[in-house]
Structure formats: C-alpha cells, structure tokens
Amino acid sequence: AAAATWGALPIARARAQAANTIKIGVLTDASGTYRDLGGPGSTICVRQAIQEFGAQGFNVEVVEADHQNKPDVGSTIARQWFDRDGVDMITDGTTSSVALALNQLVKEKNKVMLNSGAATSDLTGAACTANTIHWTYDTWMLAKSTGGAMVRAGGDTWYFITADYAFGHALERDTGEFVRAAGGRVLGNVRTPFPGTTDFSSFLLQAQASRAKVIGLANAGADTTNCIKQAAEFGITSRGTKLAGLLVFISDVHALGLQTAKGLVLTETFYWDLNDKTRAFTGRVRPRMPANSPPTMVQAGCYSAALHYLKAVKAMGVAAAKASGAAAVERMKAMPVVDDAFGDTSIRADGRRITPAYLFEVKTPGESHAPYDYYKLLQTTPAAEAFRPMAAGGCSLARG
C-alpha cells in the first residue's frame, strides 16, 4: 500500500501542475512566404509577454509549430495540441485559409484563438465566433487606409494581382469596394497560385496592358517583394503606373531596400519608432529577434494578445479559463487592452480589437538616419473609424 501511494505521488503532482498551467501555442509560417513577418519572431514576442507578465500564481508554457500555409496541416497540429497536449490558446495564425480553419476548430473545442497574422475580415464577419479575437489588422482596414489614399491621390482605375486564396480574395474584394465607392473602376484581376509563385512577370505585364493607373498587390510577404522588384525591373513604375502594396511590412521594406521601396505608401497598426512606448517595447525584445530586427506588426500583435490573455486568466482564475475558451474571450472583451506596443485599445463584441491605423510613406535613402528608420507618417485613422462598422460585418455576436 505504501509503495502504491508513493508511486502515485508523481502522477498527482503532474496533474496538479497541468491544472495550474496555461499553454500557449504559436502556430505560424516558420519556413515559407510569411516567415519574416511572423515565424520565430512571433514566438519570441509571446515569450516577451510572458516575461513581462511575471509570476502570477500559475505556470505558462509555449509550444510552436509550422503550419506550412496549409489549412489541413494547421488543423491537424491544433487538434493534437488541444486533444493531447493541453494547449489553451493559439496565436499568430498567419495565412487566412489556415486561420479560418482554426476558427471553427477552436469553437468546436471551446479553446481560444487570438489571430494576429491572418488578414481576412471574414473572421469578424460571417465567420465570427465567441472563441476568436482578430487582433492586429484586417483586409477592410487595409482597403480603407491604403486603397482609399491611392484613390484620393488620383488612382481611379485599378488592376489586381491577387494571391489565390482566402486572404487575397478578401483583400481584393474589400479594396475594390472602396475604389468603386469613391467613383473609381476595377479594370480586371489575375489570380496567382499560392504558395510557390516566385515569377510574377507575366502577371505584371497583364496588369500593365490593362492601362490601369494602379496595380493593386493583394498579396503579402515574399510575394509582395517579388512583385515590386520585378515591376522595377520591367520599368513599370517609371511609366507612371503606381503600385499599391496593400499589405506591406517593415520586413518587406528591409528586403527591398529603400532605393527600391522609397515612396511606397502602406498601412500598419504598429511601427517600432512610432512613439516612446513602441521604442521601449522594441528595445526589450529586439536583442532576441532574428538578425536584431524590430518586430513587425504581426509579431507585436502576438505580444499584445498574449499579454492581455494572461491578464484575463489572472482575473478569472486558471480553472475557469481552461474550462471555457469562450468565457476567457468574454473576459478579455470586458477588459481594456493596455500595452506598450499599441497603447490603450479595446475589443468589440464581434471580436475585432480596434486600434488606430497609420498610413506611412517609405523614406528615401537620404531621409533615413538609422537602421530600420524607414517610415514617415502621412495620416492616422482613429480606432473608431479604422475598421468596418460592427453592424456591417454580418457577425451574429454583434446583434441585439
């Protein structure tokens, strides 16, 4: 009997530890098109949030995996995390097709998804659930800010080069609606296979042949940088055609170099050099980032989301948070979101975390005075105006 009792003690301890442990899964593109804007940097930023949260009476563990931009791979990993490994919350989610698949899985398993990397505005529209928060940016916001700015500057005819999956389709759709609402016209589009496309020359020539004033790049990451580089090689922009990089990250600008990227107009919700608080956050996390780079808005969003989630867990108790992801999300919505990356923000009933949107122009080499000193601010859209009105999204959580 004594031997049996002693043998049971390690099992009892393990169960007690698991019951008092919150597990966060970072599911990202660790090897493909979006590696630099999410990837290992997202995990580093989540760990930064855990470090800043500190010892609060419960344990926090992090696991990470590469979804390879494939919804089936992402879903299989997440299901294993939930069923076998005790993961409570998933963040990053880069790639809209993956995030939409995870969105349904976290609802089924009553877990939490804090999406930072995927852009489709459908996550707070028809596909919204009580278990998901869309944290950092979305296609509607990008369309309004960048697309709207291009139309106001005279770009009233558009042709889209679109990544052929959920994100590209949503970005083209949302931007096209803004163009037409402003009196402009969409002359056509071409869908590019995703992932795996590296040669965009034929697509760019199709766009040029349309004689549109603006070629809208409804893609991201390496696809965007390849399009911009190849457009420069063909002299497309030198003939008066404008490129609209509808989703461009500081990692993309760095890859392009200022000589190529100068003058590019883009929208972000986070820039490391925006204010004292963003600089302070960047200073804390940057020494651990790949190549000592500042975080992208996706990576900063992972930090912000993880920190707020842990605050909600503390407020409601570990047991309650682990028992119901929907309850944890509801508590997060009820609490103000405060951190150095984004300042003071809030979360709407439809799961949209709202924050100001910043329209930037990429500096010329002569205007840049330090590494990653790349942006100058053109305008700020207040948080209340930056995202699609809640009543217009078709989310069932916004009713009543």
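Since we're looking at a predicted model, the values are computed, not measured.

Participant: Hey, could you run me through the state of the cysteines in this one?
Facilitator: Evaluation of the coordinates by the stated rule reveals 1 disulfide. The partner cysteine of Cys-128 in its disulfide is Cys-395, sulfur to sulfur 2.1 Å. Across the S-S bond of Cys-128 and Cys-395 the torsion is about 90°, and the bridge reads as right-handed. Of this pair, Cys-128 sits in the loop between strand E4 (112-115) and strand E5 (132-134) while Cys-395 is found in the segment after helix H15 (383-386), placing the two residues 267 residues apart along the sequence.

Participant: Would you explain the confidence of the model for the protein in this entry?
Facilitator: One rule of thumb: low pLDDT means the predicted coordinates there are not for detailed reading. Overall, the predicted model of the protein reaches an average pLDDT of 94, with 96% of residues at or above 70. Counted against residues more than four places away or in other chains, residues 1-6, with its pLDDT under 50, gives 0 contacts.

Participant: Where do I start with the sheet that holds strand E3 (residues 89-92) in this structure?
Facilitator: Two modes of strand pairing occur in sheets, parallel and antiparallel, and in both the strands are linked by backbone hydrogen bonds. Strand order in the open sheet formed by 5 strands is E2-E1-E3-E4-E5, and the pairing between neighbours is parallel. A strand with exactly one partner marks an edge of an open sheet, and here the two such strands are strand E2 (59-66) and E5. Along the sheet, successive strands turn relative to each other by an average axial angle of 20°, direction set aside. Bridge count between E4 and E5: 3 bridges; the pairing is parallel. Bridge assignment links Asn-115 to a residue of E5, and that residue is His-134. Across the sheet, helix H2 (residues 39-53) is in contact with strand E1 (21-28), E2 and E3; its angle to E2 comes to roughly 175°. Where helix H3 (residues 71-85) meets the sheet, it contacts E1, E2 and E3, and its direction lies at approximately 170° from that of E1.

Reading the values: rules and limits
- Residues numbered from 1 in each chain as written.
- Predicted model: local features only at pLDDT ≥ 70, side-chain atom pairs only at ≥ 80, totals over all residues.
- Heavy atoms only, no water.
- Disulfide = S-S within 2.5 Å.
- Helix = DSSP H or I, 4+ residues; strand = E, 2+ residues; numbered from the N terminus.
- pLDDT = per-residue confidence, 0-100.
- Contact = heavy atoms within 4.5 Å.
- Pairing = 2+ DSSP bridges.
- Axes fitted to C-alpha atoms, helices over the stretch in contact; angles between N-to-C directions.

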